[in-house]
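Chain and residue survey
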Amino acid sequence: MDIAKRLYLYVVSAVSLFVLSMGLYNLVAVVLGELADALGANIIGGRGSVGREQISLAIALVAVGSPVFAVHWVLIGRGWRGSDDSARNDRHSAIRALHLGLATTVALVFGVFAAIDLLKYVFGTLLGTDPGGVRPTDSVALLLVATPVWWYHQRRRRIDVRHARLSRAAAWIPRLHRYAWALVGLMLLVGGLSQVIETLMSVLIGREGFGDGADWWLVPLTSSLARVIVGAGLFWAHADDARRAIGDAELIGEDDRASALRATYFGAVILVALSDVGVTVASSLAELGRWVLGVSEGVGTSAFLELVIGPPLVAIPFAIAGWLHWTAWRREAAGRSPVALAAAERLTLHLTAAVGIIFLAVGTAQLLGRRLVAQRVNKLV
């Protein structure tokens, strides 16, 4: 299969798969919506009946997309099932790796947003908050369509990676997908936990002005809990994929622990953790200095807890994530060689030094700016 033919087959497959998925989503959403209306809007959350136009459009998309996708995917399958040079070239092609990575990424994007919306509705219902016009049947329909698309292409990609030793784009594109989504999942997880701590602290402090009404905190709590659960699932799935790739290092032909993308992932997590902890601690120390000097904007114990004690507590999830990744990175490097351990420690020190230099530069600039402003005011006076 030459490049032009391969490009044609995968492009048409991607487009037809998107058309088919949209048709299936609309069709499933219609069925679930009508079922919700039949059972009662208060039970499932359906609202109103859909028109015939939506049903006709869904059927048309499925009728057009399914045969086009099936035909082209069968032709693609004939190309990579064999053991000749054509099949090997297809499995090693960047076009195939890009198609599988793009399909799984698009399915994950839609699935993540749908899962967050659905969990927000579930938690909101359990806590007695207003769902805000959210229609859960749409989120369920999107999950029912996106999940099989993601699972199939993810499974196909794993088989390709473990079928033969891949190189260049065919190797790094799946690795990029793995660690990028692991990072997204981790950020959703720690960000959601941080917001949970912030919300609960606001409730415990009880300072006036945090929100309207006694139940104002339930809405942000449902949103943060939804992100925690979805982020944990995303992170676990892709971290487990990385663990399996490391276990199959001999079969794959490359130790994933030594890859630049894995090092970049660990470095990004450590950098984000250092930055978040640095910002929150600096904010807390600045407010503490204002309290000592008697120029703080807040008054009373609640304001002190909010402005001085609160920021470091909110940063705890980021600090734990950074510390766990730092120890795991050092442990992996120590298991490989003393040279790898030295490289990991050196990169960690460089990241820490970079964050420290940025904070030092920003603080120095603020001090110089205040001094210049004070001098100009004195001249005018």
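Notes on the structure in this doc start here. Since the structure is predicted, the reported quantities are computational estimates derived from the model, not experimental observations.

Calculation rules
- Residues numbered from 1 in each chain as written.
- Predicted model: local features only at pLDDT ≥ 70, side-chain atom pairs only at ≥ 80, totals over all residues.
- Heavy atoms only, no water.
- Salt bridge = Lys/Arg side-chain N within 4 Å of Asp/Glu carboxyl O.
- Helix = DSSP H or I, 4+ residues; strand = E, 2+ residues; numbered from the N terminus.
- Buried < 20%, exposed > 50% of the residue type's maximum accessible area, 1.4 Å probe, protein only.
- Core = buried A, V, L, I, M, F, W, Y, C linked by side-chain atoms within 4.5 Å.
- Phe/Tyr/Trp six-rings, centres within 6.5 Å; stacked < 30°, edge-to-face > 60°.

Looking now at the pattern of salt bridges. Summed over the entire model, instances satisfying the criterion amount to two salt bridges. Residue Arg178 pairs with Asp241 through a salt bridge whose shortest N-O separation is 3.2 Å. Residue Arg178 is found in helix H7 (residues 169-205), and its partner Asp241 is found in helix H8 (residues 218-247); the two are separated by 63 residues along the sequence. As far as burial versus exposure is concerned, Arg178 and Asp241 are alike and both buried. The closest approach of N and O atoms between Asp240 and Arg243, which form a salt bridge, is 2.5 Å. In this pair, Asp240 and Arg243 both sit in helix H8, three residues apart, roughly one turn of the helix. Taking relative accessible area as the criterion, Asp240 reaches 11% and is therefore assigned buried.

The subject of this paragraph is the environment of Leu126. Within the secondary structure layout, Leu126 lies in helix H5 (residues 94-127). Between the C-alpha atom of Leu126 and that of Thr222, which follows or precedes it by 96 residues, the distance is 9.6 Å.

Turning next to the nonpolar core. In terms of nonpolar packing, the biggest core is built from 14 residues, with Leu186, Val190, Tyr265 and Phe266 touching the most fellow members. Elements with a contribution of two residues or more to this core: H7, helix H10 (260-293) and helix H12 (316-336). The next biggest cluster of nonpolar side chains, apart from the first, holds 11 residues, and it includes Phe69, Leu100, Ala107 and Val149.

The next subject is the packing of aromatic side chains. A full pass over the atoms with the stated rule returns six aromatic pairs. Consider the rings of Tyr10 and Trp73, whose centres lie 6.5 Å apart with planes at 80°: the pair is edge-to-face. Taken together, the residues span a long stretch of sequence, with Tyr10 in helix H1 (residues 3-39) and Trp73 in helix H3 (residues 52-80) at a distance of 63 residues. An identical accessibility class is assigned to Tyr10 and Trp73; each is buried. Between the aromatic rings of Trp73 and Tyr152, the centroid separation amounts to 6.1 Å while the plane-to-plane angle is 65°, which identifies the pairing as edge-to-face. Of the two residues, Trp73 is situated in helix H3 and Tyr152 in helix H6 (residues 136-163); the sequence distance between them amounts to 79 residues. A relative accessible area of 29% places Tyr152 in the partly exposed class.

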